[in-house]
Every structure is written in structure tokens, then in C-alpha cells.
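Geometric and topological summary
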Amino acid sequence: MAELESFRAEIRAWLEENCPAEMRKPVRGDEDVCWGGRNCEFQSEAQKKWLERCAAKGYTVPDWPKPYGGAGLSTAETKIFREEMAAIKARSPLNSFGIWMLGPALLKFGTEEQKVHYLNQIARGEIRWCQGYSEPGSGSDLVSLQTFGEDKGDHWVVNGSKIWTSYANKADWIFCLVRTNKEDKYRGISFLLFDMTSPGVSTKPILLISGASPFCETFFDNVEVPKAQIVGELNRGWDVAKFLLGHEREMISGMGGDGGIASLGALYKDVLEHDALLRAEMALFDVESLAYRAHGERFMDEWKSGRAHPAYSNLMKYVGTELNKRRHELVMAAGGTEALEWESQRTNEGGKPRAWLRTKANSIEGGTSEVMLNVVSKRILEMPGG
Ligand SMILES: Cc1cc2nc3c(=O)[nH]c(=O)nc-3n(C[C@H](O)[C@H](O)[C@H](O)COP(=O)(O)OP(=O)(O)OC[C@H]3O[C@@H](n4cnc5c(N)ncnc54)[C@H](O)[C@@H]3O)c2cc1C
């Protein structure tokens, strides 16, 4: 205990000295978020410094081993690090599909050479990744995917297309599910990594209901992928894909947290004085949100130390995203006419309605709520059927 307390003091002092004041202010929108990558444009000197300082100490990925760009912190130390970050409201130095999704999969399935090469790049925010899983007709039934890699000796030639690829037009590399054997549905998929600037890769943004275009259709036309860029065994990419999905769902479940707001009721107390119905709904929401946060803390401890049920992230994803949708419904209900303004300076260009519409996708991305419930009933509740 004494050791952990002295570690806490050390982290507190480091954060005090190194986290710029600007990086302790609430994130206003995507423009305040640093995604790294080759084409990264830092919004300010403070944002750049914050990433560089964290990366130098391994704090962008505090629990990864030091040789792979992390700080080598234990589960208990990582928790303290995150608590101290939250205490000063420090922004995340780096948002990254590499950190949240690919990194854990590489740590488990990658060769030593791949770990040293890719994980260090991810930790420093040098390469921005996107996820090439879904295809037209293969979303929930992902295993039916058709993008094909033809064996050409020392490389594959990949043809096909992906859909809903978040930030494909901004990413440097893709982690991609490719069929390498047409005879076996499950044992015919390989997990490949390749550069988005490879000849034959193109993207086309898709407009979302919120007015933004954060994701794309992605096309592969005779893309050459060297054999060294496979993660895990040939035709066993489904194992890697499922493991990664667990981490994706754990990441998305975080939406069920407080969203930076401890109590919606407290935030809207003036409105609630005159609306008993909304007051009751918000009170119920606040209680459920508190319960979810408490449950989430226990889950994270168990998940990080490998003690959680492997399917539990599906349950957390389901509850977390459904809660987040309800939070935004309530914000809209309490926001009055201002919440309906789409384009105006005083509403930060319709921040509320755009965020509300964006949450509609939460229970679809990373696997739909219906599919999460199927997994929970089969794998956690062990119910019979389909
Ligand atoms: C914002 C956003 C970002 C995304 N980013 C990415 C990304 O970066 N990379 C990527 O690869 N994909 C991404 N996706 C795609 C996402 O993973 C798929 O949309 C999701 O898996 C659902 O697949 P689908 O859209 O093909 O719907 P479908 O699978 O066609 O489902 C349609 C409906 O049928 C229901 N359904 C399907 N099967 C069952 C079943 N067995 N039991 C009960 N109900 C069922 C679903 O719940 C849904 O309501 C993103 C999606 C969104 C919305």
C-alpha cells in the first residue's frame, strides 16, 4: 500500500508539472481530440507537447510493456494513473484505434518483431489505424465476408470492399479481415495489416445523419500485401478478430460512463423544478448511471487483470450504449428550443442535436444491441438455442 501511495504522489507531481493548463479543459468537439498519424495537425502547441511528454514516459499506453512503448505499469498502478488524470480533468493525450483495438490483439497474437515495430509506433501516435471488418452484407454476420486475398507466393493480392470504415480517409494503415480460403467459413479468414497508401486502396466518405462524415466505403483493387503483414496464423484470423472485438466493445462500453457529467439532474435542476415527469426520468437515469459506473469499475478491474468472463464486454457494451442514448434523449428533452438549433454560434453549431443523432449509431457500431443480447444469452446466461 505504501508503495502505491508513493507512486500516486509521483504521478500527481508529474502531471502537475507536465499537463498543460489547456489540456485540462473539457473537450468541446472532435477538433480538440488528438488522433495522431502521419497527417496529424495539432490544434495547439499544448496538445503537441502533451502527446510528446506522455509518449516519452510511456503514458499513452501506461500498462503496455516498456519495450513496446508503454510504461510497464501494473493493473493497480494503471488505475492510479487514470484516477490522477481524471482528478485534474486531463484530456487523453491520444485517441487511437491502435491503442484500443489493434494493440491488445498484437500483444496476444503478434510476433516479437511485429510487437516491437507496430506497438511503438502506436504508442507514439505515429500511425493512425482504421478497422476493415464490415462489408456490404457482412455486418452482424461478419464471418460471411468476401474480400479475398489471392496467394501469390511472397504476398497476397487483395480484392473487395469494406463499408462503415471509421476514419478510413484519415487513417495511415488498416487492420483488415481478408478471406484466404473459400472452402472454410470460419477457418478461411486471415488478419492482415496494410498501408492505406498502397496502390489500389481508395475510400469514399459516407454522410451520417448528424451531418458529419466520419466513415467510408473502402475499396481494394489488386492491393499487394506482403506475407510478413499477417497477424496470427494463416486462415485463423477469426480468432484474432473476435479477441479484438472484445476490446472494441469494452472501449465502446465506456460511453455509458458519466460523459464528464456526474449528475444530469444537478445540471438541469432549474428546468426540472417545473417538470415533475422529466425530474422522475432524470432521477431514474442518474441512479442507473451511477450503478453502471460502479459496475463498470469492477468490470474494468476484472477485465484488465484477465479475470472477467470473456463475453462480459458484450453485456457492458449493450448497457453502456443504451444508457448513452438515453442520456442524450434527456439532454434534448431538457434543452428546450436551444436543443433544436442546428446551425448557430451560441449552440456551437448544433452541438446537442448533432451529438444526440450521433448516439443513434452507438448501439450499432461494434456490434448491434440485438447481437450483444444474443451473445449474453448464449455465452453468459448459457441459454439454449440458435
Ligand atoms: C458509427 C459506426 C461506425 C462503424 N465503424 C466501423 C469500422 O470502423 N469498421 C468496420 O468494419 N465496421 C464499422 N461499423 C459497422 C458495424 O460494425 C456494423 O454496422 C454492425 O456490425 C451491424 O452490421 P450491419 O450494419 O451490416 O447490420 P446488419 O447485420 O445487417 O443488421 C441489421 C439489423 O438486423 C439485426 N440483426 C442482425 N443479425 C441478427 C441476429 N442474429 N439476431 C437478432 N438481430 C439481428 C441487427 O441488430 C440490426 O438491427 C460502424 C458502424 C457504425 C454505425
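Residues numbered from 1 in each chain as written. Predicted model: local features only at pLDDT ≥ 70, side-chain atom pairs only at ≥ 80, totals over all residues.

Look at helix 9 (residues 276-304): 41 Å from first C-alpha to last across 29 residues, which is about the 42 Å you get at 1.5 Å a residue. Among the residues of helix 9, those classed as buried are M282, D286, S289, Y292, F299 and W303. Each element contacted by the buried residues of helix 9 is listed here: helix 6 (237-253), helix 7 (264-267), helix 8 (269-272) and helix 10 (312-334). Looking one or two residues past helix 9, G306 carries a phi angle of roughly 75 degrees, positive in sign. (Helix = DSSP H or I, 4+ residues; strand = E, 2+ residues; numbered from the N terminus. Expected span 1.5 Å × (residues − 1). Buried ≥ 20, exposed ≤ 12 C-beta atoms within 10 Å, placed from the backbone. Contact = placed C-beta atoms within 7 Å.)

Neighbouring the ligand are 21 residues; Y133, G139, S140, S166 and T368 lie closest to it. Mapped onto the shell around the ligand, the elements with two or more residues apiece are strand 1 (129-132), strand 3 (155-166) and helix 12 (369-380). If one sorts the elements of the shell around the ligand by residue count, strand 3 sits on top with four residues. There are two domains that each give the shell around the ligand at least three residues, and those are domain 2 (129-236) and domain 3 (257-380). (Near = placed C-beta within 6 Å. Domains from an automatic or database assignment.)

Attention shifts here to the nonpolar core. Core analysis: the biggest nonpolar cluster contains 57 residues, and W129 and I174 have the highest contact counts within it. Top element by residues in this core is helix 4 (residues 97-109). It accounts for seven residues. Structurally, this core is a two-domain feature, drawing no fewer than three residues from each of domain 1 (2-95) and domain 2 (129-236). Membership of the second largest hydrophobic core comes to eleven residues, among which are F299, Y312, M316 and V375. (Core = buried A, V, L, I, M, F, W, Y, C linked by C-beta atoms within 7 Å.)

Here we come to unusual backbone geometry. Located in the positive-phi region is K89, a residue other than glycine, with phi close to 60 degrees. Note on placement: K89 falls in the loop between helix 3 (75-87) and helix 4. In the Ramachandran plot, N235 falls in the positive-phi region, its phi being about 65 degrees despite a non-glycine side chain. With respect to the element layout, N235 can be found in the loop between strand 8 (230-231) and helix 6. A tally of 17 C-beta atoms within 10 Å means that N235 is categorised as partly exposed.

Once that is clear, we can look at the domain arrangement of the protein chain. Parsing the protein chain into structural domains produces domain 1 (2-95), domain 2 (129-236) and domain 3 (257-380). The straight-line distance from the C-alpha centre of domain 1 to that of domain 2 is 31 Å.

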